[in-house]
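Next come the chains, spelled out residue by residue.
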Amino acid sequence: SKVTSVEAALMAWDLTSQLEGAWRVPLTLSSNREGLRYSYVCVLVCMADRVGVLGRSCLKDLSHVPLARQRVSEVIQGMVFKLAERGHLVKNVYLG
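Predicted, not measured: the structure shown is a model, and the values here were computed from it.

Calculation rules
- Residues numbered from 1 in each chain as written.
- Predicted model: local features only at pLDDT ≥ 70, side-chain atom pairs only at ≥ 80, totals over all residues.
- Heavy atoms only, no water.
- Salt bridge = Lys/Arg side-chain N within 4 Å of Asp/Glu carboxyl O.
- Helix = DSSP H or I, 4+ residues; strand = E, 2+ residues; numbered from the N terminus.
- Buried < 20%, exposed > 50% of the residue type's maximum accessible area, 1.4 Å probe, protein only.
- Pairing = 2+ DSSP bridges.
- Core = buried A, V, L, I, M, F, W, Y, C linked by side-chain atoms within 4.5 Å.
- Arc of directions from axis to C-beta.
- Contact = heavy atoms within 4.5 Å.

### Some words on the pattern of salt bridges
Then comes step 1: Taken as a whole, this structure holds 4 salt bridges when the rule is applied.
Then comes step 2: As a salt-bridge pair, lysine 82 and glutamate 85 come within 3.7 Å of each other at their nearest N and O atoms. Of the two residues, lysine 82 and glutamate 85 are both situated in helix 3 (residues 72-85); the distance of 3 residues between them amounts to about one turn of the helix.
Then comes step 3: Residue lysine 82 is classed as partly exposed on the basis of its relative accessible area, which comes to 24%.

### Points about the pairing of strand 2 (residues 36-47)
Then comes step 1: The pairing of strand 1 (residues 23-33) with strand 2 spans 11 bridges and is antiparallel. Counted as the bridge partner of proline 26 is valine 43 from strand 2.
Then comes step 2: Sheet analysis places strand 2 next to strand 3 (residues 50-55), joined by 6 bridges and oriented antiparallel. When the bridges of strand 3 are listed, cysteine 42 appears paired with glycine 55.
Then comes step 3: With antiparallel pairing between neighbouring strands as the criterion, strand 2 and strand 3 make up a hairpin whose turn holds 2 residues, including alanine 48 at a positive phi of roughly 55°.

### Considerations on the environment of glycine 21
Then comes step 1: Position of glycine 21 among the secondary structure elements: in the loop between helix 1 (5-15) and strand 1.
Then comes step 2: Take glycine 21: its relative accessible area is 65%, and that puts it in the exposed class.
Then comes step 3: Between the alpha carbons of glycine 21 and methionine 47 there is a distance of 6.3 Å; along the sequence they are 26 residues apart.

### Structural notes on unusual backbone geometry
Then comes step 1: A positive phi angle, near 50°, is found at glutamate 34, a position not held by glycine.
Then comes step 2: Positive phi, close to 55°, is recorded for alanine 48, a residue that is not glycine.
Then comes step 3: Counting through the fold element by element, alanine 48 comes out in the loop between strand 2 and strand 3.

### Topic: the nonpolar core
Then comes step 1: By size, the foremost hydrophobic cluster in this structure holds 17 residues, and its most contacted members are Val53, Val75 and Met79.
Then comes step 2: Counting only elements with at least two residues in this core, the list comes to strand 1, strand 2, strand 3 and helix 3.

### As for helix 1
Then comes step 1: Every buried residue of helix 1 is accounted for by Ser5, Ala8, Ala9 and Ala12. Down the axis of helix 1, the buried set is contained in an arc of 105°. They therefore lie on one face. The exposed set on the far side of helix 1, more than 90 degrees from its buried face, consists of Leu10 and Asp14.
Then comes step 2: Tucked inside the fold, the buried residues of helix 1 contact strand 2 and strand 3.

Written out as structure tokens, the structure reads:
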């Protein structure tokens, strides 16, 4: 069986648990494409002024966003843009 985004998010949560000072929060993006509903779950990781994402997706840009000096809103906006490039209309963004 394949690993779902929820399972991957739980693994990412565990793998980042030893990062001292890291703030980790689940991030879910829900979208519609060609009449079908999708959801993607990952872990947003914040350390000082750096933000990144760990998860699992066939889209590399959603699976790993390296820690970099950027805002949470910029990371989410980039993910929404990548989904839009593939015909997805993001309906909801959930943090937590």
